[in-house]
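Chain and residue survey
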Amino acid sequence: STSQAASASASASAPAPLVISNVYISDHSPKVLQQLRARVNKDTCIVSTFTDKDYNRSSMCLSGAPVAVTMSVLSVVQAALELVDYSEHKGNHPAIGAVDHVNVHPLLPP
């Protein structure tokens with residue numbers, strides 16, 4: 001029917017869902033950030049990175065398809081837990097661990 005064809009055409013042209021995530025790590029060293037960047041998969045875009053020496057904190061902003069970003073976030077968090085010695089952490093920002101904050105927000109709905 002015409003309505004089925006229109007519906008199929010609309011769903012075929014609908015944009016794929018996208019998400020954006022920020023991962024905050026309790027370390028600002030370039031060496032750690034470089035290793036974390038290497039853990040982001042090829043299907044995820046690194047939108048930005050930020051380091052703050054006074055806070056001894058870094059953040060990575062990642063974007064892409066939900067599954068790709070999820071896998072990248074999990075890989076980055078695992079690497080941070082392996083690399084960051086939180087027992088030696090010193091910084092002006094309150095933190096609760098090697099990874100102290102992760103958020104994910106939709107950019108385009110499914």
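Here, the structure is the one placed above.
These figures come from a predicted structure and were not determined experimentally.

Calculation notes
Residues numbered from 1 in each chain as written. Predicted model: local features only at pLDDT ≥ 70, side-chain atom pairs only at ≥ 80, totals over all residues. Heavy atoms only, no water. Helix = DSSP H or I, 4+ residues; strand = E, 2+ residues; numbered from the N terminus. Buried < 20%, exposed > 50% of the residue type's maximum accessible area, 1.4 Å probe, protein only. Contact = heavy atoms within 4.5 Å.

1. Side note on unusual backbone geometry
The phi torsion at Asn56 lies on the positive side, around 50°, for a residue other than glycine. In this structure, Asn56 sits in the loop between strand 2 (44-52) and strand 3 (57-64). For Asn56, a relative accessible area of 12% puts it in the buried group.

2. Quick word on the environment of Ile46
Along the chain, Ile46 turns up in strand 2. Through-space distance from the C-alpha of Ile46 to that of Ile20 is 9.8 Å; in sequence the pair is 26 residues apart. Contacts of Ile46, omitting those with residues within four sequence positions, involve Arg37, Val40, Met60, Cys61 and Leu62.

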